[in-house]
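Summary of the model geometry
Given next are the chains, with one letter for each unit.
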Amino acid sequence: MKLISDPGKFIAITEKAGKLKKNIGFVPTMGALHAGHFSLIKQARKENDIVVVSIFVNPAQFGQGEDFKKYPRSFKQDTGFCRKLGVDFVFLPDKDNMYPQGYSTFVSVEPLSGLLCGHSRPGHFRGVATVVAKLLNIVLPDTLYLGQKDAQQAIIISRMVKDLNFPVKVKVMPTVRQEDGLALSSRNAYLSKDQRSVALVLYKALRLAQCMVNNGQRNAARIISRMKQLIEKNKLARIDYIAIVEQEQLKEVKKIIPGTLIALAVKIGRTRLIDNIIIEHI
Ligand code: AMP
């Protein structure tokens, strides 16, 4: 396994892989790797000759007052995990070679970026789309692996790939959860023991929604109202949003149909957590 931090060097490697007709699977991450990331890496390993993982805590996707500085960084442990999982290349750029002096180009996917998480995190998805566009141009993967945990991110990146003709296939892998249902997230590390048990309310609210649908409820407003009630029972939990939307434009729907996305963001203390489910069958 090779560690590379210089984008120029990485491009030389990917060009060589292209000439040798080796296909590349790519998993972009911000590090602090956990089983959610592992599932993406394992899938990439199964399906490609070369597996690339990037680890970059991207400053462009953090707003003022957000957790860029305290975001967990565990590069040594992460590269150890990557080695065990059979990764070929870990790309570890730093902010100066990703955004050198004079850097001026940003990718904005509108209006998707301003909805749901975009409301409370203005500029976040612009930062995400920009860094992923740059990474795609550096790594030149055949397949890009993303997690369903970040549903809006996956929708925005898929839109960007389509709109800007990036020659890459996007594969979205299911959300990996802890045994009790909490979605794995690097930000779970911020939670105290008490907050960790309160955090389960995101999953409980989604389960309640799924249960209501299973029992024949199709009215989105009624489902949102019950989810709200459930979450608001916890004094430590503050709802950012609960949204029931279609997956193309993230437009609110009144009636649940197969493919409807139910997504929410909740603050537990200072930690903002997100989760979602897709209603598959009705
Ligand atoms: P991050 O390091 O949080 O930027 O995430 C890197 C990739 O891993 C993104 O595509 C995420 O959606 C994905 N990911 C993060 N957590 C999970 C999870 N619990 N299950 C599946 N994928 C995940």
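Everything discussed here concerns the structure shown above.
Let me begin by describing the structure that accompanies this report.

How each quantity is defined
Residues numbered from 1 in each chain as written. Predicted model: local features only at pLDDT ≥ 70, side-chain atom pairs only at ≥ 80, totals over all residues. Heavy atoms only, no water. Helix = DSSP H or I, 4+ residues; strand = E, 2+ residues; numbered from the N terminus. Rg over C-alpha atoms; globule rule 2.2 N^0.38 Å. Buried < 20%, exposed > 50% of the residue type's maximum accessible area, 1.4 Å probe, protein only. Contact = heavy atoms within 4.5 Å. Areas by Shrake-Rupley, 256 points an atom, 1.4 Å probe, with all protein chains shown as cover. Lys, Arg positive; Asp, Glu negative; His and termini not counted. Charge placed at Lys NZ, Arg CZ, Asp CG, Glu CD. Pairing = 2+ DSSP bridges. Axes fitted to C-alpha atoms, helices over the stretch in contact; angles between N-to-C directions. Expected span 1.5 Å × (residues − 1). Polar contact = N/O pair within 3.5 Å; in protein donor to acceptor, adjacent residues only side chain to side chain. 1 Å grid on protein atoms, 1.4 Å probe; cavity = no way out; pocket = protein on both sides within 12 Å on 5 of 7 lines; lining within 4 Å. Points joined across faces, edges and corners; volume = space filled by probe spheres on them. Nonpolar A, V, L, I, M, F, W, Y, C, P; charged D, E, K, R; others polar. Salt bridge = Lys/Arg side-chain N within 4 Å of Asp/Glu carboxyl O. Near = heavy atom within 4 Å. Parallel < 35°, antiparallel > 145°, perpendicular 65-115°, else oblique. Left-handed = near helix turned anticlockwise from the far one by under 90°.

**Looking at the overall build of the protein**
Check the secondary structure of the protein and you find ten helices and nine strands. For the protein, whose C-alpha radius of gyration is 19 Å, the value lies close to the compact-globule estimate of 19 Å for 282 residues. Principal-axis analysis of the C-alpha atoms places the extent of the protein at approximately 55 × 40 × 35 Å. In the protein, which comprises 282 residues, the share counted as buried stands at 50%. Long-range contacts, defined as pairs at least 24 residues apart, comprise 73% of the intrachain contacts of the protein with a sequence gap of at least 6. About 14400 Å² of surface is accessible on the protein, with carbon and sulfur atoms providing 51% of the total. Measuring between centres, the 43 positive side-chain charges of the protein sit 3 Å from its 24 negative side-chain charges.

**Details of the sheet that holds strand S9 (residues 271-278)**
On the basis of which strands lie adjacent, the open sheet formed by three strands has the order S7-S8-S9 and antiparallel pairing. The sheet is open, and its two edges are formed by strand S7 (237-245) and S9, each paired on a single side. Taken over all neighbouring pairs, the strand axes of this sheet differ in orientation by 15 degrees on average, direction set aside. Where strand S8 (residues 261-268) lies against S9, eight bridges are found, and the strand directions are antiparallel. Bridging from a neighbouring strand, isoleucine 268 pairs with threonine 271 of S9. Sitting on the sheet, helix H10 (residues 220-232) touches S7 and S8, and the angle it makes with S7 is about 165 degrees.

**Digging into H10**
Over its 13 residues, H10 runs 18 Å from end to end, which matches the ideal 18 Å to within 8%, given 1.5 Å per residue. Where H10 is buried, its residues contact helix H9 (201-214), S7 and S8. Between a side-chain oxygen at the N-terminus of H10 and the backbone nitrogen of alanine 221 the separation is 3.0 Å; the capping residue is asparagine 219.

**Topic: empty space enclosed by the protein**
Left-over empty space is what a probe sized like a water molecule reveals as it rolls over the atoms. Counting across every chain of the model gives one cavity of 30 Å³ or more. What lines the largest cavity is simply Lys149, Leu182, Ala183, Ser185, Asn188, Leu202, Leu273, Ile274 and Asp275. The dominant element in the lining of the largest cavity, judged by the number of residues it contributes, is S9, at three residues. The residue makeup of the lining of the largest cavity, split by class, is five nonpolar, two polar and two charged.

**Digging into the pattern of salt bridges**
Oppositely charged side chains can form a pair if their charged atoms are brought close together. Summed over all chains, the structure comprises nine salt bridges. Between aspartate 180 and arginine 196 there is a salt bridge, with its nearest N and O atoms 2.9 Å apart. Of this pair, aspartate 180 sits in the loop between strand S6 (169-173) and helix H8 (193-199) while arginine 196 sits in helix H8, and the two are 16 residues apart along the sequence. With a relative accessible area of 34%, aspartate 180 lands in the partly exposed category. Shared partners join several salt bridges into a network, and the residues in it are Arg159, Asp163 and Glu248.

**Here we look at the site of the ligand**
Lining the immediate environment of the ligand, one finds 17 residues, of which Met30, His37, Asp150, Val176 and Leu184 sit closest. One of the side-chain N or O atoms of aspartate 150 is found 2.7 Å from an oxygen atom in the ligand. The backbone of leucine 184 places a nitrogen or oxygen atom 2.9 Å from a nitrogen atom of the ligand. The protein chains hide 93% of the 490 Å² of surface that the ligand would expose on its own. Every element with two or more residues in the shell around the ligand is listed here: strand S2 (24-29), helix H2 (35-47) and strand S5 (143-147). Of the residues that constitute the shell around the ligand, the class distribution is eight nonpolar, seven polar and two charged.

**A closer look at the layout of surface pockets**
By volume, the second largest pocket is sized at about 210 Å³. Among the elements that make up the lining of the second largest pocket, the one with the highest residue count is helix H7 (residues 151-163) (six residues). Here the residues of the lining of the second largest pocket are counted per class, giving five nonpolar, three polar and three charged.

**What to know about the packing of helix H6 (residues 124-139) against H7**
Running from amino to carboxyl end, H6 crosses H7 at an angle of 50 degrees, the nearest separation of the two axes being 10 Å. The angle between H6 and H7 places the two elements in the oblique class. Seen along the crossing, H6 lies across H7 with a hand that is right-handed. Note on element contacts: H7 touches H6 through Gln152, Gln153, Ile156, Ile157, Met160 and Val161, opposite Phe125, Val128, Ala129, Val132, Ala133 and Leu136. Here the contact of H6 with H7 is composed, by residue class, of ten nonpolar, two polar and no charged.

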